[in-house]
Amino acid sequence: MRKCIYNGRTLSHKLSLLRHVRSRPPWLRATLLTLLALLAGVLIVTVTTIVVTSLKTYTLTPADLLPAEETLILFSSADDALLRQYESWLPILKNLPVAEIPRTVAVVQVPHKGKVMAVFARRPVSPDALPSGSTWTQREVGPMFVSASSPAVFPLLITPAKPLGSSESFALLARGETEQRPWIFVQRALLPAPASLTDSVLETILLRPTTHLGIFPRSGSGMVVRLFPADTERRPLPLPPAPETAPVFSIALARPQSTFEQLENELSGTNTIALDTRILTFVSETFGDDVSFSYDILPLLARPARLSLAQTASGGLSLLLQGSAPDAAARIMRLHEAFRGSRTTARTVTRVFDGRYTFRNVRDDAHMITDEFAPVGGMQVHRTMHALQGGFCSAIQGEEFLLATDCGLLERTVLDRSQGPGASALAAGIFSSSLAELSGSVLPELLQPASPLLPEPSGTLQWSLSRQGDILTLTLLPAVH
């Protein structure tokens, strides 16, 4: 307390803390200021820690609670219709009660207990967001309310050895996604095992290095599937554009020759024999025994190429191959010669005399097979036609070529073709669910109309495969005619 005289009056006031400190000896003043600074620092750190911890706890997502290794599938903000599509892969989903709102649902492989469902919700919890009843257990885990089909899953949620959200696969596949946007995180092991040659071919080309998938339904019946990790050797190239003839099947590959060699090296022995048999049978029926697929046809596929199948007027299938090669003209001429040599020029002439006697005479008729050359749409078209045994046609312009077993299909493609290369991608194509009915073959299970990977309605779809960093992206859209 200090007294002061002001205008003849005596006043008293308290010194401020700072002035009080300044009035002390220098060593004591320094000590007090240091203590004040430490106290302020501790206060700031404490408040900041409380705020950050509370914020972090509040912003935890189901991926931060789920164990990375044991989580088989995570549906983020999925409506009931989307969940039901995956019952064929996970029959346990049939036990999930119907709800009118989107939910976040996970299926976890719990050691010694099997598959367990966990449904997550935040406050305020909607009435039908969490399943209830004697078969479900509800608990509060962090900021989430969880309802599980078995309480055995909760120890994994409370202290996961490695949270799903911290795994590289989830972080890359979930990039740019939010809890409010529907998408699905899937372990590759959950996909159906290959059961046919076409299953094995699709798995070898597309899924061999994949460990996890991200599935993203899009508006307008589209679908995006991300695959992790990507094959490090792949890079996109401009692909031949799709024909305007509405094929029932089409596939364009950036490196078809190396893809075929990959199949030969990685397919099982039984599947390799089956694939070789199908290819050799087609080559033999079309060109005879003098043509080798490995030495006469495969060299045409060192650059990007597209193979298409279209329905003919008679209901059969015709083949169209588009690509480019430095020695295309010479190799394709060899194919025309082989086709011509594999067809017979013998013609049977039948005559009836007196209405009773029938005579059959076999004659050599050079007119049974014809070769024609004509310019069409800026390309040189070569037609080799047999009167009874079909035809083989080609079109060449420089190094660019088209081959077809139906000349009408080839000429329509030449006249309608786009100038220049198509879009760059690793692969692209079109397929129709009607292909199995036309060819008698079976589409891979992942491409069957009932597959949850396909958008609804499936029908005819166009697809493309691209790469960004360590992610492959498969985009499926309804084909536009």
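See the structure above.
Bear in mind that the values here come from a model prediction, so they are computed numbers and not experimental data.

### Digging into the overall build of the protein
Consideration 1: Secondary structure assignment for the protein yields 13 helices and 24 strands.
Consideration 2: Within the span of the protein, comprising 481 residues, buried residues form 42% of the whole.
Consideration 3: Put simply, the protein shows about 25600 Å² of open surface, and 57% of that area lies on carbon and sulfur atoms.

### Concerning the packing of helix α7 (residues 197-207) against helix α8 (residues 256-266)
Consideration 1: The interhelical angle for the contact between α7 and α8, taken along N-to-C directions, is 115 degrees, at an axis separation of 10 Å. Here α7 runs over α8; the crossing is right-handed. Each of Val201, Thr204 and Ile205 in α7 lies in contact with α8, whose residues at this interface are Thr259, Gln262, Leu263 and Glu266.
Consideration 2: Of the residues belonging to the contact of α7 with α8, the class tally is three nonpolar, three polar and one charged.

### Some thoughts on empty space enclosed by the protein
Consideration 1: All chains considered together, the criterion is met by one cavity of 30 Å³ or more.
Consideration 2: The computed volume of the largest cavity comes to approximately 60 Å³.
Consideration 3: Forming the boundary of the largest cavity are Pro241, Ala242, Pro243, Glu244, Gln322, Thr413, Asp416, Arg417 and Ser418.
Consideration 4: In terms of residue class, the lining of the largest cavity is made up of three nonpolar, three polar and three charged.

### What about the packing of aromatic side chains?
Consideration 1: The tally for this structure, following the rule as stated, stands at nine aromatic pairs.
Consideration 2: Look at Trp183 and Phe185: their rings are 6.4 Å apart centre to centre, the planes differ by 75 degrees, and that puts the pair in the edge-to-face class.
Consideration 3: The class of Trp183 is buried, set by a relative accessible area of 4%.
Consideration 4: For Phe185, a relative accessible area of 1% puts it in the buried group.
Consideration 5: Consider the rings of Trp183 and Phe216, whose centres lie 5.2 Å apart with planes at 5 degrees: the pair is stacked.

### Some details on the side chain of Arg417
Consideration 1: Relative to the helices and strands, Arg417 is located in the loop between α12 (407-416) and β21 (424-425).
Consideration 2: Within polar-contact distance, the side chain of Arg417 engages the side chain of Glu400 at 3.2 Å.
Consideration 3: Not counting the four nearest positions on each side in its chain, Arg417 is found in contact with Gly377, Met379, Gln397 and Glu400.

### Quick notes on unusual backbone geometry
Consideration 1: Look at the link from Arg123 to Pro124: it is a cis peptide, with omega at -10 degrees.
Consideration 2: Mapped onto the elements of the fold, Pro124 is located in the loop between β5 (114-121) and β6 (137-141).
Consideration 3: Put simply, Phe228 and Pro229 share a cis peptide bond, and its omega is -5 degrees.
Consideration 4: Checked against the element boundaries, Pro229 lands in the loop between β10 (222-228) and β11 (237-238).
Consideration 5: Its identity is not glycine, yet Ser77 carries a phi of approximately 50 degrees, on the positive side.
Consideration 6: Its place among the elements puts Ser77 in strand β3 (residues 71-78).
Consideration 7: A residue is classified by how much of its surface remains accessible, and Ser77, at 14% relative accessible area, is buried.

### Description of the state of the cysteines
Consideration 1: Evaluated as defined, the whole model comprises one disulfide.
Consideration 2: In this model, Cys393 is linked to Cys407 through a disulfide, with the two sulfur atoms separated by 1.5 Å. Pair noted here: Cys393 is in strand β19 (residues 391-397) and Cys407 is in helix α12, with a separation of 14 residues, a long-range link. For the pair Cys393 and Cys407, a shared accessibility class is recorded, and that class is buried.

### With respect to α8
Consideration 1: Every buried residue belonging to α8 is among Pro256, Thr259, Phe260 and Leu263, and all of these are buried. The buried residues of α8 all sit within an arc of 100 degrees when viewed along its axis, so they share a single face.
Consideration 2: On the buried face of α8, the contacting elements are α7, β12 (249-253), α9 (269-287), α10 (293-297) and β13 (305-311).

### Thoughts on the pattern of salt bridges
Consideration 1: For the structure on display, the rule yields 13 salt bridges.
Consideration 2: Here Asp371 and Arg340 are joined by a salt bridge, their closest N and O atoms 2.3 Å apart. Placement of Asp371 in strand β17 (residues 369-376) and of Arg340 in helix α11 (residues 328-342) is noted, with a sequence separation of 31 residues between them.
Consideration 3: Among the residues examined, Asp371 registers a relative accessible area of 33% and is labelled partly exposed.
Consideration 4: Put simply, Arg383 and Glu411 hold a salt bridge, and the shortest N to O gap is 2.6 Å. Remark: Glu411 occurs in helix α12 and Arg383 occurs in strand β18 (residues 379-386); sequence separation between them is 28 residues.
Consideration 5: Several salt bridges converge on common partners, so that one network encompasses Asp80, Arg84, Glu87 and Arg103.

### Focus on the nonpolar core
Consideration 1: Counting 46 residues, the largest nonpolar core has Ile73, Phe75, Tyr86, Val225 and Leu476 as the members making the most contacts within it.
Consideration 2: For this core, the element with the highest residue contribution is β3, accounting for four residues.
Consideration 3: Among all residues touching Leu476, those that are not within four sequence positions of it are Gly222, Met223, Val225, Phe431, Leu453, Leu454, Pro455, Leu461, Gln462 and Trp463.
Consideration 4: Counting 30 residues, the second largest nonpolar core, distinct from the first, contains Leu65, Phe120, Leu157 and Leu164.

### Notes on the environment of Ala310
Consideration 1: Relative to the helices and strands, Ala310 is located in strand β13.
Consideration 2: According to the relative accessible area criterion, Ala310 is buried, its value standing at 7%.

### Some details on the environment of Thr460
Consideration 1: Along the chain, Thr460 falls in strand β23 (residues 460-468).
Consideration 2: Between the C-alpha atom of Thr460 and that of Pro247, which follows or precedes it by 213 residues, the distance is 9.3 Å.

### Structural notes on the environment of Leu173
Consideration 1: Examined against the element boundaries, Leu173 turns out to sit in helix α6 (residues 168-173).
Consideration 2: Among the residues examined, Leu173 registers a relative accessible area of 0% and is labelled buried.
Consideration 3: For the pair formed by Leu173 and Val225, sequence separation is 52 residues and the distance between their alpha carbons is 9.5 Å.
Consideration 4: Those residues in contact with Leu173, other than ones at most four positions away along the chain, are Trp183, Phe185, His212, Leu213, Gly214, Phe216, Arg226, Leu227, Phe228 and Ile471.

Cut-offs and rules
Residues numbered from 1 in each chain as written. Predicted model: local features only at pLDDT ≥ 70, side-chain atom pairs only at ≥ 80, totals over all residues. Heavy atoms only, no water. Helix = DSSP H or I, 4+ residues; strand = E, 2+ residues; numbered from the N terminus. Buried < 20%, exposed > 50% of the residue type's maximum accessible area, 1.4 Å probe, protein only. Areas by Shrake-Rupley, 256 points an atom, 1.4 Å probe, with all protein chains shown as cover. Axes fitted to C-alpha atoms, helices over the stretch in contact; angles between N-to-C directions. Left-handed = near helix turned anticlockwise from the far one by under 90°. Contact = heavy atoms within 4.5 Å. Nonpolar A, V, L, I, M, F, W, Y, C, P; charged D, E, K, R; others polar. 1 Å grid on protein atoms, 1.4 Å probe; cavity = no way out; pocket = protein on both sides within 12 Å on 5 of 7 lines; lining within 4 Å. Points joined across faces, edges and corners; volume = space filled by probe spheres on them. Phe/Tyr/Trp six-rings, centres within 6.5 Å; stacked < 30°, edge-to-face > 60°. Polar contact = N/O pair within 3.5 Å; in protein donor to acceptor, adjacent residues only side chain to side chain. Disulfide = S-S within 2.5 Å. Arc of directions from axis to C-beta. Salt bridge = Lys/Arg side-chain N within 4 Å of Asp/Glu carboxyl O. Core = buried A, V, L, I, M, F, W, Y, C linked by side-chain atoms within 4.5 Å.

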